[in-house]
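Observations on the three-dimensional arrangement
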Amino acid sequence: MAELDERQLDPAVALAAIDKMPPRNPLKQFALKHGDCFIVTNDRGDIRGRGDGLFRDDTRVLSLLCLTIGDKEPTLLGASLSQDNIIFNANLTNMPLEVEPDSSMPQGVIHIERSRLIWQDRLFERIRLANYGDRTVQVPMELEFDADFRDMFEVRGSRRLKRGKISASKTSRETVALCYEGLDGLVRQSVISFSERPRELSTSRAEFRLSVPRHGAHTLFLEVGAEQIELPSRERYRSAAARARWQMRSKRRHGATLYSSGRVFNDWMSRARADIALLTTELPTGPYPYAGIPWFSTAFGRDGVISSLQMLWLNPGLAKGVLAFLAQHQATETLPFSDSQPGKILHETRKGEMAALRELPFGRYYGGVDTTPLYIYLASAYARRTGDMEFIDSIWPSLRAAAGWIDSVGALHEHGFIAYQRAAESGLFNQGWKDSFDAVFHADGSMPKGPIALIEVQGYVFAAYRGLAELATRRGELALADHWTERAERMRESVERYFWMAEDGFYAIALDGDGRQCQVRASNAGHLLYVELPAPERARILVDQLLTAQFHTGWGIRTLADDEVPFNPMSYHNGSIWPHDTAICGAGMARYGMRDGVVRLMSGTFEAAVHFNMRLPELFCGFTRAPGEAPVAYPVACLPQAWSSGSAFMLMQACLGLEIDGFEGEIHVNRPRLPIGIDRLSVRRLSVGDVRVDLHFQRVGDRVAAFLDSRDEGLATLVVRS
């Protein structure tokens, strides 16, 4: 077994342990992905540790890739990703160096452009050297490389008692094969190949002397894959780039798109949409948004559900793919090692060596207490959005099994709450969305006794029961509908009675195993707004608190009020800002008609995105906003992260007050607002039943008008409440 505790599942702890060097700011991290293969590098395009690497199926198959010119790092001019997230470009130039015994080359003569992409589990890279000097030069270029074949959990900090063996590397004229034989019996290989023969080639280094004519260029291509196919070439690079771009365009065509009067705002929307497309992997069951790069580039139940809820109004096909995958992988037996029980929905799946050997439970792991009710809620929301009862009927047995699991767990609690306690020491200590080891506590900071009943989870269960009742009514199963309606109302009453802290005007974050409130004000309570559980008067009190300086920093809502004992704005869950969390709270405010707060949250989130180069990270630090200062990055946040990207669209829907009734073919717009600085916004190709329409919003004085494009009038019914 691996030496792993719950602290090592927090990447902030893990990376410091393995690399013994400070982690890199996520804004200096550049990622590309295709399928189950992704690469993370610095802004020079180098792989240097810290969690960087080329990863395939949860294994780091390239752990070092560094380019030097004459044994010197070139100077960085700039780095960027193409708008469609397919091509990474780094622009560099040479430092002063001697190119011959009696001659030298001054700084800034050679322009080095590194361009790369990932396609079908393979890295394609083009290195172009352009000479702006007055004579032909022989440029000494070196590429240093290595592959440690570490499992993703090793990269995150897990210590293994035993590893497989690195096999002898093999070299030929233009290729090097790095090999590893795992304890699971699989041989993993990285073959590095070049378009031309290096001057010297070893198992760790390729040296070239490239002739670059005056005002001319020399281009080298390299590829890294599991096997040697053909030698790299211009044609292979262009073909891979064309196919990757065609597939990305195809993914981005699914669903509606947004276009506004704000150019910078459009850039944010476009980047967020591109990031979701990048993270979405086509599985046999349909599209699935992987959680985030680098730590969570796999199918997570909770993340997939929330990301598809954020995108549901624009692209319901994403929700259908998530539901189909989770239904297919639903637990059917009780296994303490994987925290599985019949009917429970998957939390996480992994493909690496440690998962295969069951050194860790995450090969197929069910230790998420909230995923099962969220799965049911997503199914009901998908049905309302699309009217697609045929699909709901196909997963109805799975939904019934999920409801059975909720019933069975609730029956064990005195008040019917859904509580968690890991079944084996190898599992997650905390099993809500705040799953770091120290995320749930009493007011004095002490750890509560389990099992733990989280506030937001009870809200999700309430929403699941209400959703099941709606679906059962559609199916004509009225007795079941009445049963689930009664269960929903019983849950509402119990939450209001046992979680409300009258003196604080807030809901406790949790109840411990003795039924004692964990009297802590955390953002978890804001999720109750999203499922419309609180009574209106309590909802108003809750919203007012979430918008005070204790929670709202100006960039978003903190996960924890700043006057709570363990508050730390630099922590993973105890004072940081998670964009998806802010968006859920904002969407909940909108459901109670409190759109002024939503507009404030949308404004702060957009301005944070501008500082983060239009790409919101998984989380960032919860420091209070100050004039002239930017939001502070969290050092090892995933970037991109699906539910952070999706937060833009959840907040936009909340501003617009837009809901679609797929059964009636109606668009409902309730007291719409536009973000600050935006006067016009169009939702293009919005699907309503079998038709697609363009919906426009226009600021008129202090109001916002909503109307269908003239050519779409009569195709769908638009109901506007102003």
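Cut-off values and rules
- Residues numbered from 1 in each chain as written.
- Predicted model: local features only at pLDDT ≥ 70, side-chain atom pairs only at ≥ 80, totals over all residues.
- Heavy atoms only, no water.
- Helix = DSSP H or I, 4+ residues; strand = E, 2+ residues; numbered from the N terminus.
- Rg over C-alpha atoms; globule rule 2.2 N^0.38 Å.
- Buried < 20%, exposed > 50% of the residue type's maximum accessible area, 1.4 Å probe, protein only.
- Contact = heavy atoms within 4.5 Å.
- Areas by Shrake-Rupley, 256 points an atom, 1.4 Å probe, with all protein chains shown as cover.
- Lys, Arg positive; Asp, Glu negative; His and termini not counted.
- Charge placed at Lys NZ, Arg CZ, Asp CG, Glu CD.
- Pairing = 2+ DSSP bridges.
- Axes fitted to C-alpha atoms, helices over the stretch in contact; angles between N-to-C directions.
- 1 Å grid on protein atoms, 1.4 Å probe; cavity = no way out; pocket = protein on both sides within 12 Å on 5 of 7 lines; lining within 4 Å.
- Points joined across faces, edges and corners; volume = space filled by probe spheres on them.
- Nonpolar A, V, L, I, M, F, W, Y, C, P; charged D, E, K, R; others polar.
- Arc of directions from axis to C-beta.
- Parallel < 35°, antiparallel > 145°, perpendicular 65-115°, else oblique.
- Left-handed = near helix turned anticlockwise from the far one by under 90°.
- Patch = residues over 30% accessible without salt bridge, like charges linked within 9 Å, V, L, I, M, F, W, Y side chains within 5 Å.
- Salt bridge = Lys/Arg side-chain N within 4 Å of Asp/Glu carboxyl O.
- Core = buried A, V, L, I, M, F, W, Y, C linked by side-chain atoms within 4.5 Å.
- Phe/Tyr/Trp six-rings, centres within 6.5 Å; stacked < 30°, edge-to-face > 60°.
- Lys NZ or Arg CZ within 6 Å of the ring centre and 35° of its normal.

1. Description of the overall build of the protein
Helix and strand counts for the protein stand at 16 helices and 36 strands. Relative to the globule expectation of 27 Å for 722 residues, the C-alpha radius of gyration of the protein, 27 Å, shows essentially globular dimensions. When the backbone C-alpha atoms are referred to their principal axes, the protein occupies close to 85 × 60 × 50 Å. Classification of the 722 residues of the protein by burial places 62% in the buried group. For the protein, long-range pairs separated by at least 24 residues make up 65% of all intrachain contacts whose partners lie at least 6 apart in sequence. As displayed, the protein has an accessible area near 26800 Å², and 48% of this comes from carbon and sulfur atoms. With 84 positive and 90 negative side-chain charges, the protein shows a spacing of 4 Å between the two charge centroids.

2. Description of the sheet that holds strand 32 (residues 666–670)
Backbone hydrogen bonds hold the strands of a sheet together, and the pairing may be parallel or antiparallel. The mixed open sheet is built from three strands, whose spatial order is 31-32-36. One side of each edge strand has no neighbouring strand; the edge strands of this open sheet are strand 31 (658–661) and strand 36 (717–721). Within this sheet the neighbouring strands show an average axis-to-axis angle of 20°, counted without direction. One ladder, built from five bridges, connects strand 32 with strand 36; its direction is parallel. The partner of Val 669 across the bridge, within strand 36, is Val 720.

3. A look at the sheet that holds strand 35 (residues 703–708)
With antiparallel pairing, four strands are arranged side by side in an open sheet as 21-33-34-35. Every interior strand has two partners, whereas the edge strands, strand 21 (257–260) and strand 35, have only one. Going from strand to strand, the sheet's axes swing by 20° on average, the running direction of each strand aside. As paired elements, strand 21 and strand 33 (residues 680–688) share four bridges and run antiparallel to each other. Residue pairing for strand 33: Thr 257 is matched across the bridge by Arg 684.

4. Some points on the layout of surface pockets
Take a probe with the size of a water molecule and roll it over the atoms, and the empty space left behind shows itself. Size it by volume and the largest pocket reaches roughly 880 Å³. Taken together, 37 residues line the largest pocket, and the ones lying closest to its centre are Arg 384, Glu 532, Arg 591, Leu 658 and Glu 659. Each residue belonging to the lining of the largest pocket can be placed in one class, and the counts come to 20 nonpolar, six polar and 11 charged. Of the volumes computed, that of the second largest pocket is approximately 430 Å³. Along the wall of the second largest pocket there are 26 residues; nearest its centre are Val 409, Leu 412, Ala 419, Tyr 420 and Gln 421. Taken together, the residues of the lining of the second largest pocket sort by class into 11 nonpolar, 10 polar and five charged.

5. What to know about helix 13 (residues 536–546)
Listed in full, the buried residues belonging to helix 13 are Ala 539, Leu 542, Val 543, Gln 545 and Leu 546. The arc enclosing the buried residues of helix 13, seen along the axis, measures out at 160°, which places them on a common side. Structurally, helix 13 contributes buried residues whose contacts are with strand 28 (506–507), helix 12 (527–530) and helix 14 (579–591).

6. Describing the packing of helix 8 (residues 371–386) against helix 10 (residues 455–474)
Across the interface, helix 8 lies against helix 10 with an axial gap of 8 Å and an inter-helix angle of 40°. Classed by the angle they form, the pair helix 8 and helix 10 counts as oblique. Seen from above, helix 8 lies across helix 10 with left-handed handedness. The residues of helix 10 that touch helix 8, namely those facing Pro 373, Leu 374, Ile 376, Tyr 377, Ala 379, Ser 380, Ala 383 and Arg 384, are Tyr 460, Val 461, Ala 463, Ala 464, Gly 467, Leu 468, Glu 470 and Leu 471. Taken together, the residues of the contact of helix 8 with helix 10 sort by class into 12 nonpolar, two polar and two charged.

7. Some thoughts on unusual backbone geometry
The omega torsion across Ile 293 and Pro 294 is 10°, close enough to zero to call that bond cis. Relative to the elements of secondary structure, Pro 294 occurs in the loop between strand 23 (286–289) and helix 5 (301–311). The residue after Gly 450, namely Pro 451, is reached through a cis peptide bond having omega -5°. Mapped onto the elements, Pro 451 comes out in the loop between helix 9 (389–410) and strand 26 (453–454). A positive phi angle, near 55°, is found at Asp 339, a position not held by glycine. With respect to the helices, strands and loops of the structure, Asp 339 is situated in the loop between helix 6 (316–328) and strand 24 (348–349).

8. Here we look at a nonpolar patch on the surface
There is a patch of nonpolar side chains on the surface, built from Met 570, Phe 623 and Val 632 and spanning about 250 Å² of accessible area. Residue position: Met 570 is located in the loop between helix 13 and helix 14.

9. A look at the nonpolar core
Grouped together as the largest cluster of nonpolar side chains are 174 residues, with contacts concentrated most on Ile 392, Val 683 and Phe 697. Among all residues touching Phe 697, those that are not within four sequence positions of it are Leu 656, Leu 658, Val 669, Pro 672, Leu 674, Asp 679, Arg 680, Leu 681, Val 683, Val 704, Ala 705 and Ala 706. The next biggest cluster of nonpolar side chains, apart from the first, holds 43 residues, and it includes Val 109, Ile 118, Phe 149 and Phe 208.

10. Observations concerning the packing of helix 8 against helix 9
The N-to-C vectors of helix 8 and helix 9 enclose an angle of 155°; their axes lie 10 Å apart at closest approach. Between helix 8 and helix 9, the angle falls in the class roughly antiparallel. Note on packing geometry: the crossing formed by helix 8 with helix 9 is left-handed. Along the contact surface, helix 8 presents Thr 372, Pro 373, Tyr 375, Ile 376, Ala 379, Tyr 382 and Ala 383, while helix 9 presents Met 389, Phe 391, Ile 392, Ile 395, Ser 398, Leu 399, Ala 402, Ala 403, Trp 405 and Ile 406.

11. Digging into the environment of Val 155
In this fold, Val 155 is placed in helix 2 (residues 152–155). Judged by relative accessible area, which is 1%, Val 155 ranks as buried.

12. Things to note about the packing of aromatic side chains
For the structure shown, the criterion picks out 25 aromatic pairs. Measuring from ring centre to ring centre gives 5.1 Å for Phe 153 and Phe 362, while their planes differ by 15°; the resulting arrangement is stacked. Separated by 209 residues along the polypeptide, Phe 153 in helix 2 and Phe 362 in the loop between helix 7 (353–356) and strand 25 (364–365) bring together distant segments of the chain. The pair Phe 153 / Phe 362 is uniform in exposure class, with both members buried. Both rings, one in Tyr 382 and one in Phe 391, keep their centres 5.6 Å apart while their planes meet at 75°; by these two values the pair is edge-to-face. Each member of the pair, Tyr 382 as well as Phe 391, is classed as buried. Among the aromatic residues, ring-to-ring pairing joins Trp 433, Tyr 572, Trp 578, Tyr 634 and Trp 643 into one connected group. Across from the ring centre of Phe 663, 3.6 Å away, lies the NZ or CZ of Arg 474, which sits over that ring.

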